[in-house]
Amino acid sequence: MFRIGFGYDVHKLVPERKLVLGGVTIPFEQGLLGHSDADVLLHAVMDALLGALALGDIGQHFPDKSLEFKDIDSRILLRKVYDLIISKGYRLGNLDAVICASAPKLAPYILQMRDNIASDLQTEPGQISIKATTEEGLGISGSQNGITASATVLLQESVF
């Protein structure tokens, strides 16, 4: 049995915050605003995983009103979500994600993002695809007001 999930997230760029994408801290003059570390890529991945099994969204599992999750590393949350996926009898088949940002250039960081996510999802980097694009001066990322990410996952029923 296979299940497909899609996730999308957006966060505003602001000064005096770290920019964290895919668990990688990227040198940049702005970072993403959010209750956690605001890792827009991992948030999209978590929503895709949860959506594939109709388990709600990350806001339901990790409310932004809870001090427990204030400034938390999103990789911790991703591992918790994946533990839930495994407990339901599924595992990741593959992940395809897109980050939309005008700046900074993300190509130098993509391999580390893939390695981080593969580690957290207990799979090989070859099962993780991450692409970076721009909106050609349009939209949220084109105006450099924020960064968006989307992710699609294929889950496979685990064989016991």
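Residues numbered from 1 in each chain as written. Predicted model: local features only at pLDDT ≥ 70, side-chain atom pairs only at ≥ 80, totals over all residues. Heavy atoms only, no water.

Participant: Explain the overall build of the protein to me, please; I cannot follow it from the model alone.
Facilitator: Helices and strands together make up the secondary structure of the protein, namely five helices and seven strands. Its C-alpha atoms give the protein a radius of gyration of 15 Å, within 12% of the compact-globule value 15 Å for 160 residues. In terms of principal-axis extent, the alpha carbons of the protein reach across some 50 × 35 × 25 Å. Look at the contacts in the protein between residues 6 or more apart in sequence, and 71% of them connect residues 24 or more apart. Here the protein displays about 7900 Å² of accessible surface, and carbon together with sulfur accounts for 53% of that area. Of the charged side chains in the protein, 14 are positive and 19 negative; the average position of the first set lies 2 Å away from that of the second. (Helix = DSSP H or I, 4+ residues; strand = E, 2+ residues; numbered from the N terminus. Rg over C-alpha atoms; globule rule 2.2 N^0.38 Å. Contact = heavy atoms within 4.5 Å. Areas by Shrake-Rupley, 256 points an atom, 1.4 Å probe, with all protein chains shown as cover. Lys, Arg positive; Asp, Glu negative; His and termini not counted. Charge placed at Lys NZ, Arg CZ, Asp CG, Glu CD.)

Participant: How do you make sense of unusual backbone geometry when you look at a structure like this?
Facilitator: Glycine aside, residues mostly have negative phi angles, and peptide bonds mostly take the trans form. Omega for the bond connecting Ala103 with Pro104 falls within 30 degrees of zero, at -5 degrees, which places this linkage in the cis form. Phi is positive for Glu16, which is not a glycine, with a value near 65 degrees. Relative to the assigned elements, Glu16 resides in the loop between strand S1 (2–15) and strand S2 (19–21). On the basis of relative accessibility, which here comes to 81%, the residue Glu16 falls in the exposed class. A positive phi angle, close to 50 degrees, is found at Gln122, a residue other than glycine. Examined against the element boundaries, Gln122 turns out to sit in the loop between helix H4 (110–120) and strand S6 (128–133). Classification of Gln122 by relative accessible area gives exposed; the value is 55%. (Buried < 20%, exposed > 50% of the residue type's maximum accessible area, 1.4 Å probe, protein only.)

Participant: Just checking my understanding: could you explain the pattern of salt bridges for this structure?
Facilitator: Pairing of side chains with opposite charge becomes possible as their charged atoms draw close. The full count for this structure, using the stated rule, is five salt bridges. One salt bridge in this structure joins Arg75 and Asp120, with 2.7 Å as the shortest N-O distance. With Arg75 in helix H3 (residues 74–87) and Asp120 in helix H4, the pair connects residues that are 45 residues apart, well separated along the chain. Assigned by exposure class, Arg75 and Asp120 land together as buried. In this structure, Arg79 engages Asp120 in a salt bridge whose closest nitrogen and oxygen atoms are separated by 2.8 Å. Taken together, the residues Arg79 in helix H3 and Asp120 in helix H4 connect sequence positions 41 residues apart. Relative accessible area serves as the criterion here: at 35%, Arg79 is assigned to the partly exposed category. Among the ionic contacts, a cluster of salt bridges with common partners joins Arg17, Lys70 and Asp71. (Salt bridge = Lys/Arg side-chain N within 4 Å of Asp/Glu carboxyl O.)

Participant: Help me out: how do you make sense of a nonpolar patch on the surface in this one?
Facilitator: Side chains of Phe6, Tyr8, Val10 and Ile140 sit close together on the surface and give an oily, nonpolar patch of about 380 Å² of accessible area. Per-element accounting of the nonpolar patch gives the leading share, three residues, to S1. Residue placement: Ile140 occurs in helix H5 (residues 139–142). (Patch = residues over 30% accessible without salt bridge, like charges linked within 9 Å, V, L, I, M, F, W, Y side chains within 5 Å.)

Participant: Explain the environment of Glu29 here, please?
Facilitator: As for its position among the elements, Glu29 is in the loop between strand S3 (24–26) and strand S4 (30–32). Between the C-alpha atoms of Glu29 and Arg17, which are twelve residues apart in sequence, the distance is 8.3 Å.

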